[in-house]
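Inside the fold
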Amino acid sequence: MVRLITHNLLACHAKDCNTNNFPLEFKDIQLEIREAEFNSDFLKGFMPKLEWKALVDTARQLGDTSLPLEQPEMVDDGFLKSLHHVLLEIHVEEGSMTCPNCKHVYPILNGIPNMLLAEHEIG
Amino acid sequence: MPLTVLEAARVIGNPSVYEDENVHAIYEEIAEHFSSTRYKPWPIIASFLSSLPCGFIGLDSGCGNGKYLPLPADRPGEVWTLGLDRSGNLLQIARAAGATGVKREVLRGDVLETCWRKGVFDYAISIATIHHLATEKRRRCAVKRLLEAVSPSHGRVLIYVWAIEQDELSKRKVFDSSSGGVAPHKGKDVVVPWVLSKEPRGKNKNESKGHEQTPPDNEEPKVYNRYYHMFAKGELRALVEEAAKELNLSITMEQNAEGRSRGLEIVQDGWERSNYYVELKLWESIKPRGF
């Protein structure tokens with residue numbers, strides 16, 4: 001599966017695709033929600049590494065509007081619970097991710113994204 | 001226990017095609033059997049993962065069956081590792097690693113490529129993977145990808161590769177090349193057989209459709225010869241130093257080295273149970289010193 005925690009890290013790596021190659025756009029997806037154990041310290045430690053706008057935009061595309069547009073300076077439990085759900089409980093099982101720049105399509109099959117490129121696409 | 005003497009490998013043609021045939025295709029075939037023999041984490045790797053603070057995220061580059069993805073076992077949910085491998089069959093197994101019902105996060109990808117934001121990970125591990133790359137240049141490239149994957153200010157990296165020097169528990173011995181004049185720091189290219197002795201899978205399964213019986217006795221167990229580059233003493237460290245140099249990373253531990261603001265520290269390197277390992281920590285000096 002691709003959860004949004006992973007999606008927020010991934011960028012296109014096709015040949016000569018270096019700008020505007022993040023975030024990848026989900027298409028034709030099937031979602032599953034699976035509960036995960038909540039850990040507020042993990043979330044606080046991970047937050048500085050997040051690209052916030054990409055996370056919020058993608059969550060909204062998937063129908064989750066619980067996160068604020070701006071990353072809050074003060075975090076309370078309610079916010080962390082929403083963040084936990086968005087990052088760790090929404091699983092994209094099938095579908096694909098498309099690069100916003102070069103339009104390369106990375107398929108998601110059986111819950112596993114295929115980031116392999118063909119020989120001629122490798123930079 | 002019979003001792004297998006490993007034969008020399010001859011890497012010919014395009015190394016990427018060679019690896020496809022002599023590494024990737026084989027792991028795809030033997031995934032299930034291979035995984036059933038790989039369950040015990042090695043101590044230095046387990047202790048490295050235990051030492052990571054809460055909130056760290058990491059990359060397991062060449063995760064195989066994902067045995068390191070659930071670690072540290074005593075602190076679930078505090079550290080999060082993304083598994084990367086080329087074998088779809090191994091990744092299917094890795095998804096369920098840890099047997100706790102928790103799904104692990106895995107990607108199908110190549111250790112020589114970078115499909116993430118550079119520097120986004122806090123740590124990266126590469127266990128028993130780089131020795132499957134068929135040229136020195138490709139092995140160095142894999143090390144560079146690891147160094148680029150982690151944070152330039154605090155990223156930590158652990159690399160494990162197979163050693164020519166095998167311990168007494170090993171079932172394998174490398175071909176004797178004392179007459180071949182192998183230079184120091186140069187490892188050896190070998191093929192390591194994997195004997196798939198249980199019921200053959202794939203094509204044979206279809207052929208025996210309708211028969212629940214095991215295949216006839218005269219069927220030979222299938223042997224797959226995987227390519228390995230077995231590392232010589234000092235070779236892994238030299239590879240890391242070369243990779244660091246190409247990335248303009250200083251290898252000294254002094255943070256005020258002339259003209260350098262980024263570097264890496266070799267925290268430890270050594271030999272454990274037939275493997276060489278090296279642990280690295282990246283650093284970035286915040287402002288020039290000495291003024």
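So, here's what we can say about the structure. Residue numbers restart at each chain and count upward from 1, following the sequence in its written direction. Chain letters start at A and ligand numbers start at 1, both assigned in the order the entries are written. Given that this is a predicted model, residues contribute local features only at a pLDDT of at least 70 and side-chain atom pairs are listed and counted only at 80 or more, while totals for whole chains, interfaces and linings are drawn from all residues. With hydrogens and water stripped out, all remaining heavy atoms of the structure feed into the side-chain values.

This paragraph deals with the overall build of chain B. Within chain B one finds 6 helices and 11 strands. Relative accessibility under 20% of the residue-type maximum defines a buried residue, over 50% an exposed one, and the middle range a partly exposed one, all with a 1.4 Å probe and only protein chains included. Burial statistics for chain B: of 291 residues in total, 50% are counted as buried. The Shrake-Rupley method, run with a 1.4 Å probe, gives the accessible areas here. Residue values count only the displayed protein chains as cover. Accessible surface for chain B amounts to roughly 14,700 Å². Of this, 51% is attributable to carbon and sulfur atoms. A run of DSSP states H or I qualifies as a helix once it reaches four residues; a run of E qualifies as a strand once it reaches two. Both are numbered from the N-terminal end.

Any two residues having at least one pair of non-hydrogen atoms within 4.5 Å are treated as being in contact. In this complex, chain B contributes 33 residues to the contact, which on the side of chain A involves 32 residues. Two parts placed together each lose some accessible area; with a 1.4 Å probe, that loss summed over both constitutes the buried area. Summed over both partners, the interface of chain B with chain A buries about 2,700 Å², with 57% contributed by carbon and sulfur atoms. We count a salt bridge whenever a side-chain nitrogen from Lys or Arg sits within 4 Å of a carboxyl oxygen from Asp or Glu. Residue Glu105 of chain B pairs with Arg3 of chain A through a salt bridge whose shortest N-O separation is 3.0 Å. Think of a polar contact as two N or O atoms within 3.5 Å of one another; within protein, one of them needs to be a possible hydrogen donor and the other a possible acceptor, and neighboring residues in sequence only count if both atoms come from side chains. Taken together, chain B and chain A are joined by 12 residue pairs in polar contact (both at pLDDT 80 or more). Counting only elements with at least two residues in the side of chain B that touches chain A, the list comes to β3 (80-85), α3 (88-95) and β4 (106-108) of chain B. At 4 residues, α3 of chain B tops the list of elements feeding residues into the side of chain B that touches chain A. Three classes are used: nonpolar for Ala, Val, Leu, Ile, Met, Phe, Trp, Tyr, Cys and Pro, charged for Asp, Glu, Lys and Arg, and polar for all others, with Gly counted as polar. Its residues assigned to classes, the side of chain B that touches chain A comprises 14 nonpolar, 8 polar and 11 charged.

Further remarks concern the packing of aromatic side chains. Residues and elements named next belong to chain B. In this analysis, rings of Phe, Tyr and Trp, with Trp reduced to its six-membered ring, are considered paired at centre separations within 6.5 Å, and the interplanar angle assigns stacked below 30 degrees, edge-to-face beyond 60, and tilted for intermediate values. In total, this model carries 7 aromatic pairs over all chains according to the counting rule given. With centroids separated by 5.4 Å and ring planes inclined at 85°, the aromatic side chains of Tyr18 and Tyr227 adopt a geometry described as edge-to-face. Of this pair, Tyr18 sits in helix α1 (residues 15-36) while Tyr227 sits in strand β9 (residues 222-230), and the two are 209 residues apart along the sequence. Note on accessibility: Tyr18 and Tyr227 belong to one class, buried. Every member of this aromatic cluster is reached through a ring pair, and the members are Trp42, Tyr160 and Tyr277.

Looking now at the sheet that holds β3 of chain B. All names here are of chain B. In this scheme, strands are said to pair when DSSP sees at least two bridges between them. In space, the 7 strands of this open sheet follow the order β4-β3-β2-β5-β6-β11-β10, with mixed pairing throughout. Lying at the two open borders of the sheet, with one neighbouring strand each, are β4 and β10 (262-272). When the angles between neighbouring strand axes are averaged without regard to direction, this sheet yields 15°. Pairing of β10 with strand β11 (residues 275-284), which is carried by 10 bridges, proceeds in the antiparallel orientation. Its bridge partner lying in β11, Glu265 is registered against Lys281. Axes here refer to lines fitted to C-alpha atoms; in helices the fit is confined to the stretch in contact. Angles between the N-to-C directions go from 0 to 180 degrees.

For the rest of this paragraph, the subject is the packing of helix α4 (residues 136-149) of chain B against helix α6 (residues 235-246) of chain B. When two helices pack together, their arrangement is given by the angle between their axes and by how far apart the axes lie. All names here are of chain B. Axis separation between α4 and α6 bottoms out at 9 Å; the angle between their running directions is 65°. Judged by the twist between their axes, the crossing of α4 over α6 is right-handed. Counted together, Glu136, Arg139, Arg140, Val143, Lys144 and Leu147 of α4 and Glu235, Leu239, Val240, Glu242, Ala243, Ala244 and Glu246 of α6 form the full contact between these two elements. Here the residues of the contact of α4 with α6 sort into 6 nonpolar, no polar and 7 charged. It is the rotation of the near helix from the far one that decides the hand of a crossing: anticlockwise by less than a right angle makes it left-handed, clockwise makes it right-handed.

Now for the pattern of salt bridges. Residue and element names in this part refer to chain A. Tallied over the full model, the rule gives 20 salt bridges over all chains. Between Arg34 and Glu32 there is a salt bridge, with its nearest N and O atoms 3.0 Å apart. With relative accessibility at 21%, the residue Arg34 sits in the partly exposed group. Note on Glu32: relative accessible area 38%, which makes it partly exposed.

Take the nonpolar core next. Counting residues in each nonpolar core, the largest one holds 74 residues, and the members touching the most others are Leu83 of chain A together with Phe121 and Ile159 of chain B. For Leu83 of chain A, the residues in contact, after removing those within four places along its chain, are Leu43, Met47, Leu50, Trp52, Leu55 and Leu67 of chain A. Residue types Ala, Val, Leu, Ile, Met, Phe, Trp, Tyr and Cys, when buried and joined through side-chain atoms within 4.5 Å, form a set referred to as a nonpolar core. Listed in part, the 23 residues of the second largest apolar core include Leu6, Val23, Tyr27 and Tyr224 of chain B.

Function cannot be read off these values alone, since they describe shape.
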